[in-house]
Amino acid sequence: MSKKILVVDDEKLIVKGIKYGLDQDGYEVDVSYDGEDALSHAKANDYDLIILDVMLPKMDGIAVCQQIREFSKVPIIMLTAKGDDMDKILGLEYGADDYMTKPFNILELKARIKAIIRRSGFKGETQTEEYKVLKSGEIKLEVESRRVYVKEGEVNLTAKEFDLLELFITHPNKVYSRENLLNVVWGYDYPGDVRTVDVHVRRLREKVEPNPSEPTYIHTKWGVGYYYQH
């Protein structure tokens, strides 16, 4: 079954180029040219991934990303024309899984898409087979469905946040440097920097820790990196 992708950008030539490239690889592609329309598409469809430009008419990409995160874990790749670090970090702050700076190579975009869809297993949440369940303190992970519960209440994690938490829980007490985490979770060819890891760990703590400023689960080894313990 072909994967379904939403491409959102107000530059029609860019949308046309991305759509053509993804069509060639057998993806089912919807397109949108402004933020409000993109949000409507995201609410009405079950996408495997969304490619979302930062600068959009009617509602900017970061606001769209934030609102999508209120109801969906769908992986999101942000596109930014500025090449500005703050834009990239902001995009990740609000729940994006990755970013690319324009102009970009369509082959690199396709590689990112394949890697994210492969890792996220997003459609798994509709599956009914037996779940592999990981439990740690008051945290419960259903690996197949990629659902997370804290004190029995479901917590909405992004694909990368889930990958981080699963890695931590399955390797308790192992200290990971930021570079390790970037390589394992984002991939060796990921061009981002270690601040990406810090942003995601902070967001993850805000979602699963009873008191994020005094972590129970995800601890910092000063000068080295992060480790999991409860």
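So, here's what we can say about the structure. This one's a predicted model, so the numbers in the text were calculated from it and none came from an experiment. (Residues numbered from 1 in each chain as written. Predicted model: local features only at pLDDT ≥ 70, side-chain atom pairs only at ≥ 80, totals over all residues. Heavy atoms only, no water.)

Where two aromatic rings form a pair, the distance of their centres and the angle of their planes describe that pair. Evaluated as defined, the whole model comprises two aromatic pairs. When the centroid spacing of 6.3 Å and the interplanar angle of 70° are considered together, the rings of phenylalanine 168 and tyrosine 176 count as edge-to-face. Residue class for phenylalanine 168 comes out buried when judged on its relative accessible area of 0%. Arranged with centres 5.9 Å apart and planes meeting at 20°, the rings of tyrosine 217 and tyrosine 228 form a pair that is stacked. Residue tyrosine 217 is located in the loop between helix 8 (195-208) and strand 11 (218-221), and its partner tyrosine 228 is located in strand 12 (residues 225-228); the two are separated by eleven residues in the primary sequence. This pair shows no difference in class: tyrosine 217 is buried, exactly as tyrosine 228 is. Over the face of the ring belonging to tyrosine 33 we find lysine 12, whose NZ or CZ atom lies 4.8 Å from the ring centre. (Phe/Tyr/Trp six-rings, centres within 6.5 Å; stacked < 30°, edge-to-face > 60°. Buried < 20%, exposed > 50% of the residue type's maximum accessible area, 1.4 Å probe, protein only. Helix = DSSP H or I, 4+ residues; strand = E, 2+ residues; numbered from the N terminus. Lys NZ or Arg CZ within 6 Å of the ring centre and 35° of its normal.)

To continue, consider the sheet that holds strand 5 (residues 98-101). Strand pairs in the sheet, formed through backbone hydrogen bonds, run parallel or antiparallel to each other. Read from one edge to the other, the open sheet built from five strands follows the order 2-1-3-4-5, with strand pairing classed as parallel. Sheet topology places strand 2 (28-32) and strand 5 at the edges, where each strand pairs with a single neighbour. Between one strand axis and the next, the sheet turns by 20° as a mean value, whatever way the strands run. Of the strand pairs in this sheet, strand 4 (residues 76-80) and strand 5 are connected by four bridges, and their pairing is parallel. Bridge pairing in strand 5 places leucine 79 opposite methionine 100. On the sheet, helix 1 (residues 12-24) packs against strand 1 (4-8), strand 2, strand 3 (49-53) and strand 4 and is oriented at approximately 170° with respect to strand 2. (Pairing = 2+ DSSP bridges. Axes fitted to C-alpha atoms, helices over the stretch in contact; angles between N-to-C directions. Contact = heavy atoms within 4.5 Å.)

So, on to the nonpolar core. For soluble globular proteins, the rule of thumb is that nonpolar side chains tend to be buried together. Counting residues in each nonpolar core, the largest one holds 27 residues, and the members touching the most others are Ile139 and Leu165. Contributing elements (two or more residues each) for this core: strand 7 (139-142), strand 8 (147-150), helix 6 (159-170), helix 7 (178-186), helix 8 and strand 12. Examining the composition of this core, we find that six residues originate from one element, helix 6, more than from any other. Once residues lying within four places of it in the same chain are set aside, the contact partners of isoleucine 139 are Leu134, Val148, Tyr149, Val150, Leu165, Ile169, Val208, Tyr217 and Tyr228. The next biggest cluster of nonpolar side chains, apart from the first, holds 20 residues, and it includes Val8, Ala38, Val54 and Tyr99. (Core = buried A, V, L, I, M, F, W, Y, C linked by side-chain atoms within 4.5 Å.)

So yeah, pure geometry; function would need other evidence.
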